[in-house]
Amino acid sequence: MPILGQNQYGKAENRVVKITRDGATHHIKDLNVSVSLSGDMDDVHYSGSNANVLPTDTTKNTVYAFAKEHGIESAEQFGIHLARHFVTSQEPIRTARIRIEEYAWERIGTVGEDEHSFVRQGQETRLTQITYDGSSWEVVSGLKDLTVMNSTNSEFWGYVKDKYTTLPEAYDRILATEVSSRWRFNWSDDEQEMPDWETSYEQVKKHMLEAFAETYSLSLQQTLYQMGSRIIDHRAEIDEVRFSLPNKHHFLVDLEPFGLKNATEDGAVYFAADRPYGLIEATVLRDGCEPRIPVDLTNL
């Protein structure tokens, strides 16, 4: 007889926007929340009995009710409230996983004017995943779609060459990538002091960008390691950082047929290629810690 394996269910991509009014000044939290629950769910698979099933529509309603009842201090804190509720309020549910994307808005104008008008920020999407099993927590946060570029201070040479190699060595090139990253917090139980989630995110992004900007790069792998190392060195609450960095290639355009020299030192013209692209991925760990962030980030 076939045996049921790992399973979960829930309501995915619940869009919730919470407006907080501080007098005439308004604040926005804009989230996309996915709830996934697992536990004693054998019967619903084997016989169709829904006796242990909390409807996915109920999980959706809970997301909206909690946004009103508890507010949204941060994506992480909101996910923690939800995960704790589902595991502690429903006996059949043993584990809750909450995934959240956060979309940032910035105010139009200064404080004192247009205090209720906003424009959507386009730099990156903030991410978090909270998993709770009734006794321990795992919080993995991150970002995606953060596009960065160094217009110089990057080289690529000395690599392996064979009969299929056509790429010329570069001693002054553009280095650009679209950062997708996840980092795992070492906060795991309620007895520990909880991190300041908002400050942590801001500081991780700051160190990530500073490392990218300040590294004289001989390879994107070297830059990746410097970005992860700087986060580990400066943020004690984080034990593991994983990156997926597609190399946004910029190739010098051959303008010799038109009698034009196209040299980097003169300010060159490039062709920005969107595909195919080199994909550089790696994890940077605090010494003594084991990796737990999945190698494949496509479903995290």
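Use the structure listed above.
Because the structure is a prediction, the values reported are computed rather than measured.

Chemist: Outline the pattern of salt bridges, supporting the account with residue identities and numerical values.
Modeler: For the structure on display, the rule yields 20 salt bridges. Residues Asp30 and Arg15 are paired through a salt bridge, measuring 2.4 Å at the closest nitrogen-oxygen approach. One end of the pair, Asp30, is in strand E2 (residues 25-39); the other, Arg15, is in strand E1 (residues 14-22), and 15 residues separate them in sequence. With a shortest N-O distance of 3.4 Å, Glu210 and Lys206 are connected by a salt bridge. On the criterion of helical spacing, the pair formed by Glu210 and Lys206 is a turn pair, its members being four residues apart in helix H4 (residues 197-214). Looking at Lys206, the relative accessible area reads 35%, which means it is partly exposed. Each of Lys29, Glu76, Glu102, Arg126 and Glu198 takes part in a single network of salt bridges with overlapping partners.

Chemist: Can you explain the sheet that holds strand E3 (residues 93-103)? Please cite residues and give values.
Modeler: Here eight strands make up an open sheet; going across it, the order is E1-E2-E3-E6-E7-E8-E9-E12 and the pairing antiparallel. A strand with exactly one partner marks an edge of an open sheet, and here the two such strands are E1 and strand E12 (279-285). Each neighbouring strand pair of the sheet contributes to a mean axis angle of 20°, computed without reference to strand direction. For E2 and E3, the ladder comprises ten bridges, and the chain directions are antiparallel. Across the sheet, the residue bridging to Asn32 is Glu101, located in E3. Packing of helix H2 (residues 56-69) onto the sheet brings it into contact with E1 and E2, and relative to E1 it is tilted by some 10°. Seen against the sheet, helix H5 (residues 220-234) touches strand E8 (175-185), strand E9 (238-246) and E12 and runs at an angle of roughly 155° to E9.

Chemist: Account for H5, naming residues and giving values.
Modeler: With 15 residues, H5 should cover 21 Å at 1.5 Å per step; its first-to-last C-alpha distance of 21 Å lies within 8% of that length. Looking only at H5, the buried set comprises Leu220, Thr223, Leu224, Met227, Gly228, Ser229, Arg230, Ile231 and Ile232.

Chemist: Could you give an account of the packing of aromatic side chains, naming the residues involved and the relevant values?
Modeler: For the structure on display, the rule yields seven aromatic pairs. When the ring of Tyr132 is compared with that of Trp137, the centres are 3.9 Å apart and the planes differ by 15°; the resulting orientation is stacked. In this pair, the class of Tyr132 matches that of Trp137, namely buried. Taking the centre distance of 6.0 Å and the plane angle of 40° together, the rings of Trp183 and Tyr201 count as tilted. Here the residue Trp183 occupies a position in strand E8, and Tyr201 occupies one in helix H4, the gap between them amounting to 18 residues. Judged by its relative accessible area of 1%, Trp183 is buried. Looking at Tyr201, the relative accessible area reads 8%, which means it is buried. Among the aromatic residues, those joined into a ring-pair cluster are Tyr132, Trp137, Phe185, Trp187 and Trp197. A cation sits over an aromatic face here: Arg126 above Tyr201, 4.4 Å from the ring centre.

Chemist: If you had to explain the packing of H2 against helix H3 (residues 75-89) to someone new, which residues and values would you point to?
Modeler: Following both chains from N to C, one finds H2 and H3 inclined at 130°, their axes separated by 11 Å at the closest point. As judged from the angle between their axes, H2 and H3 are oblique. Crossing of H2 over H3 shows right-handed handedness. Where H2 approaches H3, its residues Thr59, Thr62, Val63, Phe66 and Ala67 are matched on the opposing element by Phe78, His81, Leu82, His85 and Phe86. Broken down by class, the residue content of the contact of H2 with H3 amounts to six nonpolar, four polar and no charged.

Chemist: Give a detailed account of the pairing of E2, specifying residues and quantitative values.
Modeler: Burial analysis of E2 places twelve of its 15 residues in the buried class, the great majority of the element. Of the pairings in the sheet, the one linking E1 to E2 comprises nine bridges and is antiparallel in character. Bridge assignment links Val17 to a residue of E2, and that residue is Asp30. The antiparallel hairpin formed by E1 and E2 contains two residues in its connecting segment, where Gly23 sits at a positive phi of about 65°.

Basis of the calculations
- Residue positions are given per chain, counting from 1 as you read along its sequence in written order.
- At least 70 in pLDDT is required for a residue's local features to be given in this predicted model, at least 80 for side-chain atom pairs to be given and counted, and no such filter applies to totals for whole chains, interfaces and linings, which use all residues.
- Note that the side-chain values use all heavy atoms of the structure and ignore hydrogens as well as water.
- We define a salt bridge as a side-chain nitrogen of Lys or Arg found within 4 Å of a carboxyl oxygen belonging to Asp or Glu.
- Think of it this way: any DSSP run of H or I at least four residues long counts as a helix, any run of E at least two long counts as a strand, and we number them from the N terminus.
- We call a residue buried when its accessible area falls under 20% of the maximum for its residue type, exposed when it is over 50%, and partly exposed in between, using a 1.4 Å probe and counting protein chains only.
- The pairing criterion for strands is at least two bridges between them, as found by DSSP.
- Every angle, taken between N-to-C directions, lies between 0 and 180 degrees, and every axis is a line fitted to C-alpha atoms, over only the stretch in contact when it is a helix.
- By the convention used here, residues are in contact when the closest approach between their heavy atoms is within 4.5 Å.
- By definition here, a helix of n residues has an expected span of 1.5 Å times n minus one.
- Ring pairs are drawn from Phe, Tyr and Trp, using the six-membered ring of Trp, whenever the two centres fall within 6.5 Å, and their geometry is named by plane angle: stacked under 30 degrees, edge-to-face over 60, tilted for the rest.
- Criterion for a charge above a ring: Arg CZ or Lys NZ at most 6 Å from the ring centre, at most 35 degrees from the ring normal.
- For this classification, under 35 degrees means roughly parallel, over 145 means roughly antiparallel, 65 to 115 means roughly perpendicular, and everything else is oblique.
- Should the near helix be turned anticlockwise from the far one by less than a right angle, the crossing is left-handed, and should it be turned clockwise, the crossing is right-handed.
- Classes in brief: Ala, Val, Leu, Ile, Met, Phe, Trp, Tyr, Cys and Pro nonpolar; Asp, Glu, Lys and Arg charged; the others, Gly included, polar.

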